[in-house]
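Examining the three-dimensional arrangement
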Amino acid sequence: MLSLSSSTRYFLYNHPVDMRCGFYSLAGLVQNGLKLNPLSGDVFVFIGKRANQVRLLQWDGDGYALYSKRLEAGTFERPSDKKLLISTRELSLILQGVKLKSVQLRKRYKQLSTY
């Protein structure tokens with residue numbers, strides 16, 4: 001079961017992906033395209049060419065988990081700033097179909113990482 005957590009890192013693959021790709025093809029995109037380790041436990045987000053499908057790939061300790069969602073109408077929005085690391089909030093908004101440009105977040109405290 002998929003649950004979004006602020007302790008998990010979410011990486012967005014910024015190029016359109018063929019949604020026929022399976023576990024190992026997506027893991028290959030992570031390793032070769034993003035230059036990251038697909039076995040890290042992080043969640044990797046892929047949006048299809050037509051933007052009506054999204055897949056999330058995660059290594060859960062003993063195998064890959066692949067979560068998929070296809071919209072019957074509408075599309076998923078890709079963040080416009082082409083960033084690799086996205087927040088739990090951004091992923092949730094993408095999956096819910098919220099226009100990311102129209103979202104205005106209020107200022108909050110954010111602790112800087114020390115590593």
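Since the model is a prediction, treat every value here as computed from it, not as a measurement. (Residues numbered from 1 in each chain as written. Predicted model: local features only at pLDDT ≥ 70, side-chain atom pairs only at ≥ 80, totals over all residues. Heavy atoms only, no water.)

**Details of the environment of Arg70**
The cut-off we apply is this: Secondary structure is summarised from DSSP: a helix means a run of H or I of at least four residues, a strand means a run of E of at least two, and numbering begins at the N terminus for each. Any residue under 20% of the maximum accessible area for its type is buried, any over 50% is exposed, and the rest in between are partly exposed; the area is computed with a 1.4 Å probe on protein chains only. Any pair of residues with heavy atoms lying within 4.5 Å of one another is described as a contacting pair.
Position of Arg70 relative to the elements: it lies in strand β4 (residues 64–70). Of the residues examined, Arg70 reaches a relative accessible area of 53% and is grouped as exposed. Taking C-alpha positions, Arg70 is 5.8 Å from Asn52, a pair spaced 18 residues apart along the chain. Those residues within four positions of Arg70 in sequence are excluded, and the remaining contacts are Asn52 and Gln53.

**Some points on the pairing of strand β3 (residues 53–59)**
Put simply, the test is: The criterion for strand pairing is that DSSP finds at least two bridges linking the strands in question.
Of all seven residues that make up β3, six are buried, and the element is covered over most of its length. Pairing analysis gives five bridges linking strand β2 (residues 43–47) to β3, with the strands arranged antiparallel. Bridge pairing in β3 places Phe44 opposite Leu57. A loop of five residues connects β2 with β3, the two strands running antiparallel in sequence, and Ala51 in this loop sits at a positive phi of about 65°. The loop that links β3 with its antiparallel partner β4 comprises four residues; one of these, Gly61, has a positive phi angle of about 105°.

**Concerning the sheet that holds strand β5 (residues 85–86)**
What counts is decided by this rule: Fitted lines through C-alpha atoms give the axes, limited to the stretch in contact for helices. The angle between two N-to-C directions lies from 0 to 180 degrees.
Taken together, five strands build an open sheet; the order of strands is β4-β3-β2-β1-β5 and the sheet is mixed. The sheet terminates laterally at β4 and β5, the two strands that pair on one side only. For strand β1 (residues 10–12) and β5, the ladder comprises two bridges, and the chain directions are antiparallel. Of the residues in β5, the one forming a bridge with Phe11 is Leu85. Contacting β1, β2, β3 and β4, helix α1 (residues 23–34) runs over the sheet at an angle of about 100° to β4.

**Digging into the pattern of salt bridges**
To keep it simple, the criterion reads: Salt bridges are counted wherever a side-chain nitrogen of Lys or Arg sits within 4 Å of a carboxyl oxygen of Asp or Glu.
Inspection of every chain in the model, using the stated rule, returns three salt bridges. Arg9 is the partner of Asp42 in a salt bridge, and the nearest nitrogen-oxygen pair spans 2.9 Å. Taken together, the residues Asp42 in the loop between α1 and β2 and Arg9 in the segment before β1 connect sequence positions 33 residues apart. Arg9 sits in the partly exposed class, given a relative accessible area of 41%. For Glu72, the salt bridge identified is with Arg70, shortest N-O distance 2.6 Å. Each of the two residues, Glu72 as well as Arg70, counts as exposed.

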